[in-house]
Amino acid sequence: MCGIVGIVGHSNVNQSIYDALTVLQHRGQDAAGIVTCDGDRLFLRKDNGMVRDVFRTRHMRRLVGNMGIGHVRYPTAGSSSSAEAQPFYVNSPYGITLAHNGNLTNSAALAEDIFRADLRHINTTSDSEVLLNVFAHELQTLGKLMPQPEDIFSAVRRVHERVEGAYAVVAMITGYGILAFRDPYGVRPVCFGKRETDKGTEYMVASESVALSGLGFHLERDLAPGEAIYITSQGEIFTQQCADNPRLNPCIFEHVYLARPDSIIDDISVYKARLRMGEKLAEKLLREWPDHDIDVVIPIPDTSRTSALQLANTLDVKFREGFIKNRYIGRTFIMPGQQQRKKSVRQKLNAIELEFSGKNVLLVDDSIVRGTTCNEIIQMAREAGANKVYFASAAPPVQFPNVYGIDMPAANELIAHGRSVEEICALIGADKLIYQDLQDLVDACREGNPAIEQFECSVFDGNYVAGNISRDYLDYLERLRNDASKHKRDRERAAALAENGIIDLHNAE
Ligand SMILES: O=P(O)(O)OC[C@H]1O[C@H](OP(=O)(O)OP(=O)(O)O)[C@H](O)[C@@H]1O
Ligand SMILES: NC(=O)CC[C@H](N)C(=O)O
Ligand SMILES: [Mg+2]
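Remember, predicted model here, so these are calculated numbers, not experimental data. (Residues numbered from 1 in each chain as written. Chains lettered and ligands numbered in written order. Predicted model: local features only at pLDDT ≥ 70, side-chain atom pairs only at ≥ 80, totals over all residues. Heavy atoms only, no water.)

1. Topic: the UniProt feature "domain: Glutamine amidotransferase type-2" (unreviewed entry) in the chain
Then, number 1: Sequence positions flagged by UniProt for "domain: Glutamine amidotransferase type-2" (unreviewed entry) are, in local numbering, residues 2–234.
Then, number 2: Here residues 2–234 is 27% helix and 35% strand, with 28 Å between the C-alpha atoms at its ends. (UniProt positions renumbered as here; feature names shortened; annotations may be inferred. Helix = DSSP H or I, 4+ residues; strand = E, 2+ residues; numbered from the N terminus.)

Now the structure itself:
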């Protein structure tokens, strides 16, 4: 995942975009960027780091203009170089900037195509730069001096035909307006809304509704799969379906972990979905273990709090905050390297001994992915004097790699891959382990919007809805992005940086 935002306003939008990015920070902690447009000039600032570190007052002052887009990045393709921070820019046609959440599954073939057939140069290994160039090429071939909404929509239509994978996109056409579109499966979320000001109506598109509500925008609705929205710099708004066979298959992992609980995605309250996950997991536990001896339910902050609370209520067992989170450490799962993730769990969470001492505790997490968190946490619970340590996951076992914008590319890094629940239980050192059933997870989400026929659940069932995901592609992805090769690339990059600084088409200062 990553966070995207775009605003068309009546005064400088820099501060609102900055604020929206801080609200979306949980979707990407590695890099951030904002580009604004003032008349026909663009102003861009992007670099590695959290939003508060990337933008200093001196940058904000220069990010002028009444429309702009922003991005927070969690890399799932290419490298973590600051040159791959977003938004990306191409000068032709019109000057287009673009920010992307998701992952293209045919970006290698497209990159080749773009060079050979479209004569376009890609300077990074980012799939998002490829996506931008496909869109730019399709708009350019229409050859209009002033693009009209129908031109823009027809370019998006061509993007849907050429590009495979997951993509929620916001783009800005210099001097003309802001465009957003969602892939024909609607895997990644994007919504839009408006706010009234003295000077008139302002529009915002964002990955999650929480970015809108946090800034006083009223949520209009989510983009439909395949749909595009274009808001001109004058505040006119156009929408159009640009795909032939759109089918909503939203990513279920947004509800499990990625999104903030106070967001509403595709008409589902993430908070209520998580409550229902807790309830269904408790019902399963009671079915399978009616004479349990759990004394206390303890969540693993932050994300599991909501489901753990409802699980405890349904079990009628005490709910206690046994781990306190250091609020200055970010999310560990979206950190780039395993060593950093492992160290961060201990730095981030600290046990309150009296909640563990002599008790049978049920620790609840939203999901177990690599097993980094639960391994450490179970040890900490034992060190704090727990009698028995049981573990519950509000999601089913994560067994398959993700190819749509969550960085879990290597099956053998997933603790549940090819293992039974008993084997996982022994490996993490728990006295008992219980997982949510997939059907219960789907029901917990679908109850919020029964119109959704299918969720994108590939990490749980290995069923990839978008693109042509072959065994060969999964092997290729695993070789490219497993922890060891990422680590090697990062080390080489850090060494080059220390010696020479980054030499690229984008040099952050
Ligand atoms: O099995 P693992 O590979 O450890 O991954 C799963 C854990 O990572 C996430 O927490 P994270 O610290 O990222 O964020 P949170 O504070 O939002 O829970 C998630 O909530 C689980 O706790
Ligand atoms: N997590 C994401 O959505 C990442 C977007 C894009 N694939 C990148 O790596 O920059
Ligand atoms: Mg967590």
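2. Looking at the domain arrangement of the chain
Then, number 1: The domain boundaries assigned to the chain delineate domain 1 (3–247) and domain 2 (274–326 + 342–444).
Then, number 2: On a C-alpha basis, the centres of domain 1 and domain 2 stand 36 Å from each other.
Then, number 3: Residue-level contacts link 10 residues of domain 1 with 5 residues of domain 2.
Then, number 4: Buried area between domain 1 and domain 2, summed over both chains or domains, comes out near 600 Å², and the portion from carbon and sulfur atoms is 57%.
Then, number 5: Between the two partners, domain 1 and domain 2, sit 0 salt bridges.
Then, number 6: Taken together, the links from domain 1 to domain 2 amount to 3 residue pairs in polar contact (both at pLDDT 80 or more). (Domains from an automatic or database assignment. Contact = heavy atoms within 4.5 Å. Buried area = accessible area lost by both parts, 1.4 Å probe. Salt bridge = Lys/Arg side-chain N within 4 Å of Asp/Glu carboxyl O. Polar contact = N/O pair within 3.5 Å; in protein donor to acceptor, adjacent residues only side chain to side chain.)

3. Thoughts on the site of ligand 2
Then, number 1: Not every one of the 15 residues close to ligand 2 is listed here, only the nearest: Met1, Cys2, Arg73, Asn101 and Gly102.
Then, number 2: Interatomic distance of 3.2 Å between a backbone N/O atom of Ala77 and an oxygen atom of ligand 2.
Then, number 3: Isolated, ligand 2 exposes 300 Å² of accessible area, and the fraction of that covered by the protein chains is 100%.
Then, number 4: Sorting the residues of the shell around ligand 2 by element identifies β6 (96–104) and α5 (127–140) as the ones contributing at least two each.
Then, number 5: Residue classes in the shell around ligand 2 are distributed as 5 nonpolar, 8 polar and 2 charged. (Near = heavy atom within 4 Å. Areas by Shrake-Rupley, 256 points an atom, 1.4 Å probe, with all protein chains shown as cover. Nonpolar A, V, L, I, M, F, W, Y, C, P; charged D, E, K, R; others polar.)

4. A look at the packing of helix α4 (residues 107–116) against α5
Then, number 1: At a closest axis distance of 10 Å, the pairing of α4 and α5 adopts a crossing angle of 45°. One finds that α4 runs oblique with respect to α5. In this structure, α4 crosses over α5, and the sense of that crossing is left-handed. Facing Ser107, Leu110, Ala111 and Ile114 of α4, the residues of α5 in contact are Asp127, Val130, Asn133 and Val134.
Then, number 2: For the contact of α4 with α5, the class distribution of residues is 5 nonpolar, 2 polar and 1 charged. (Axes fitted to C-alpha atoms, helices over the stretch in contact; angles between N-to-C directions. Parallel < 35°, antiparallel > 145°, perpendicular 65-115°, else oblique. Left-handed = near helix turned anticlockwise from the far one by under 90°.)

5. With respect to the UniProt feature "active site" (unreviewed entry) in the chain
Then, number 1: The UniProt feature table records "active site" (unreviewed entry) at Cys2.
Then, number 2: For Cys2, the location among the structural elements is in the segment before β1 (3–8).
Then, number 3: Filtering out sequence-adjacent residues up to four positions away, Cys2 remains in contact with Arg27, His71, Val72, Arg73, Tyr74, His100, Asn101 and Ser207.

6. With respect to the packing of aromatic side chains
Then, number 1: According to the stated counting rule, one finds 11 aromatic pairs in the structure shown.
Then, number 2: Taking 6.2 Å as the distance between ring centres and 75° as the angle between the ring planes, the aromatic pair formed by Tyr167 and Phe181 counts as edge-to-face. Highlighted residues: Tyr167 in strand β7 (residues 165–173) and Phe181 in strand β8 (residues 177–182), separated in sequence by 14 residues. Note on accessibility: Tyr167 and Phe181 belong to one class, buried.
Then, number 3: These aromatic residues form a ring-pair network of at least three members: Phe253, Tyr257, Phe333 and Phe460.
Then, number 4: In this arrangement the basic side chain of Arg331 is found over the ring face of Tyr257, its NZ or CZ atom lying 3.9 Å from the centre.
Then, number 5: One Lys or Arg, Lys432, reaches over the ring of Trp289 and ends 4.8 Å from the middle of that ring. (Phe/Tyr/Trp six-rings, centres within 6.5 Å; stacked < 30°, edge-to-face > 60°. Buried < 20%, exposed > 50% of the residue type's maximum accessible area, 1.4 Å probe, protein only. Lys NZ or Arg CZ within 6 Å of the ring centre and 35° of its normal.)

7. Quick notes on the pattern of salt bridges
Then, number 1: As enumerated under the stated definition, the model contains 31 salt bridges in all.
Then, number 2: Glu447 is the partner of Arg276 in a salt bridge, and the nearest nitrogen-oxygen pair spans 3.9 Å. Taken as a pair, Arg276 in helix α9 (residues 270–288) and Glu447 in the loop between α14 (438–446) and α15 (458–461) lie far apart in primary sequence, 171 residues in all.
Then, number 3: According to the relative accessible area criterion, Arg276 is buried, its value standing at 15%.
Then, number 4: One network of salt bridges, with partners in common, ties together Asp113, Asp118, Glu138, Arg158, Glu161 and Arg162.

8. Considering the site of ligand 1
Then, number 1: Near ligand 1 there are 17 residues, and of these Thr303, Lys348, Asp365, Asp366 and Thr373 occur at the shortest range.
Then, number 2: Measuring from an oxygen atom of ligand 1, one finds a side-chain N or O atom of Asp365 at 2.6 Å.
Then, number 3: Contact between ligand 1 and Asp366: an oxygen atom at 2.5 Å from a side-chain N or O atom of the residue.
Then, number 4: When isolated, ligand 1 has an accessible area of 500 Å², and the protein chains bury 96% of it.

9. What to know about the confidence of the model for the chain
Then, number 1: Averaged over all residues, the pLDDT of the chain is 94; the fraction at 70 or higher stands at 99%.
Then, number 2: For this predicted complex, the interface confidence reaches an ipTM of 0.97, while the overall pTM sits at 0.95. (pLDDT = per-residue confidence, 0-100.)

10. Some remarks on helix α12 (residues 372–383)
Then, number 1: Given a rise of 1.5 Å per residue, 12 residues ought to cover 16 Å, and the 17 Å separating the end C-alpha atoms of α12 matches this to within 8%.
Then, number 2: Among the residues making up α12, those that are buried are Thr372, Cys374, Glu376, Ile377, Ile378, Met380 and Ala381.
Then, number 3: Where α12 is buried, its residues touch β18 (323–325), α11 (338–348), β19 (349–351), β20 (360–365), β21 (388–393) and α13 (421–428).
Then, number 4: Once α12 ends, the next one or two residues include Gly385, with phi positive near 95°. (Expected span 1.5 Å × (residues − 1).)

11. Some remarks on the sheet that holds β21
Then, number 1: If you walk across this open sheet you meet the 5 strands as β17-β16-β20-β21-β22, and the pairing is parallel. Each having just a single partner strand, β17 (318–319) and β22 (432–435) make up the two edges of the open sheet.
Then, number 2: Bridge count for β20 against β21 is 6 bridges, and the pairing is parallel. Across the sheet, residue Val364 finds its bridge partner in β21, namely Ala392. (Pairing = 2+ DSSP bridges.)

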